[in-house]
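# Notes for the structure review
Here are the chains, one letter per residue:
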Amino acid sequence: MIKRFWNQPNKRYRNFQMAYAILTLNFLFPAISYLFQPEVAVRSLTDFGMLFGYPYPVSEESHLWRILAVGNVLTLSFSCFLLQWNLIRFYPVLVPLVFMKLTASFGFLGVFLFVTSHPSYLGIFLLDGVTASAMLYFAIKARRSLPSDLSLLVPQPRSR
């Protein structure tokens, strides 16, 4: 199965599958961490800022924002999984997926520019922008490259 996947004729679809597997996990693991160990996420922000001499400026001990973060990041993970499951059927999910990611990205830029110049916010803005670009690039390229005979794809899109 791995050899068939790797050597399939549609490299764009293969690359999409690999990129979206990474994206799905990239959102799933942090969401679980936010739920069960929120201090890990906060510590990463504080540690990153201290590399540049910036202590983290606010407290992040709120159940409200933690649960919203878990819900949003799990939604990103689930949306990536849906696209991976069936790119044809769930292709419209790409729009709200990228919208949510870019909204967060520009939100972090706004905080960096107008609230605090903590470097974590600029870093997250840049990383989220790259992530949203990758979401668009791999999904659009793969969707445009789909053959009329879907049986050539590995893995094949699940139920239409």
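Residues numbered from 1 in each chain as written. Predicted model: local features only at pLDDT ≥ 70, side-chain atom pairs only at ≥ 80, totals over all residues. Heavy atoms only, no water.

## A closer look at the layout of surface pockets
It is a probe the size of a water molecule, rolled over the atoms, that shows where empty space is left. Taken as a whole, the largest pocket encloses approximately 1500 Å³ of empty space. Tyr 34, Ala 69, Val 73, Phe 108 and Ile 124 are the residues nearest the centre of the largest pocket, which is lined by 36 residues in total. Looking at the lining of the largest pocket, the elements that each hand over two or more residues are helix 2 (11–36), helix 3 (38–51), helix 4 (63–85), helix 5 (94–114) and helix 6 (119–144). Broken down by class, the residue content of the lining of the largest pocket amounts to 21 nonpolar, ten polar and five charged. (1 Å grid on protein atoms, 1.4 Å probe; cavity = no way out; pocket = protein on both sides within 12 Å on 5 of 7 lines; lining within 4 Å. Points joined across faces, edges and corners; volume = space filled by probe spheres on them. Helix = DSSP H or I, 4+ residues; strand = E, 2+ residues; numbered from the N terminus. Nonpolar A, V, L, I, M, F, W, Y, C, P; charged D, E, K, R; others polar.)

## Things to note about the environment of Leu 76
In this structure, Leu 76 sits in helix 4. Placed 21 residues apart in sequence, Leu 76 and Leu 97 show a C-alpha to C-alpha distance of 6.2 Å.

## Here we look at the packing of aromatic side chains
As enumerated under the stated definition, the model contains eight aromatic pairs in all. An aromatic cluster is built from Tyr 13, Phe 16 and Tyr 20, whose rings are joined through pairwise contacts. Of note, Arg 14 hangs over the ring of Trp 6, and the distance from its end group to the ring centre comes to 4.3 Å. Looking at Arg 143, its charged tip hangs above the ring of Tyr 91, at a distance of 5.6 Å from the centre. (Phe/Tyr/Trp six-rings, centres within 6.5 Å; stacked < 30°, edge-to-face > 60°. Lys NZ or Arg CZ within 6 Å of the ring centre and 35° of its normal.)

## With respect to helix 5
The end-to-end C-alpha separation of helix 5 is 30 Å, in line with the 30 Å expected for 21 residues at 1.5 Å each. When we look at burial in helix 5, the residues that qualify are Leu 94, Leu 97, Val 98, Lys 101, Ser 105 and Leu 109. Taken around the axis of helix 5, the buried residues stretch over an arc of 95°, which confines them to a single face. Within helix 5, the exposed residues directed more than 90 degrees away from the buried face are Val 95, Phe 99 and Phe 114. (Expected span 1.5 Å × (residues − 1). Buried < 20%, exposed > 50% of the residue type's maximum accessible area, 1.4 Å probe, protein only. Arc of directions from axis to C-beta.)

## Observations concerning the nonpolar core
With 21 residues, the main nonpolar core has Phe 16, Tyr 20, Leu 97 and Met 135 as its most contacted residues. When contributions to this core are tallied by element, the ones reaching two or more residues are helix 2, helix 4, helix 5 and helix 6. It is helix 2 that provides the largest number of residues to this core, a total of six residues. (Core = buried A, V, L, I, M, F, W, Y, C linked by side-chain atoms within 4.5 Å.)

## Topic: the side chain of Arg 14
Turning to its location among the elements, Arg 14 is positioned in helix 2. Lacking a salt bridge, the buried Arg 14 has Asp 149 as its closest oppositely charged neighbour, with an N-O distance of 19 Å. Leave out the neighbours within four places in its chain, and Arg 14 touches Phe 5, Trp 6 and Gln 8. (Lys, Arg positive; Asp, Glu negative; His and termini not counted. Salt bridge = Lys/Arg side-chain N within 4 Å of Asp/Glu carboxyl O. Contact = heavy atoms within 4.5 Å.)

Distances and angles like these do not, on their own, reveal function.
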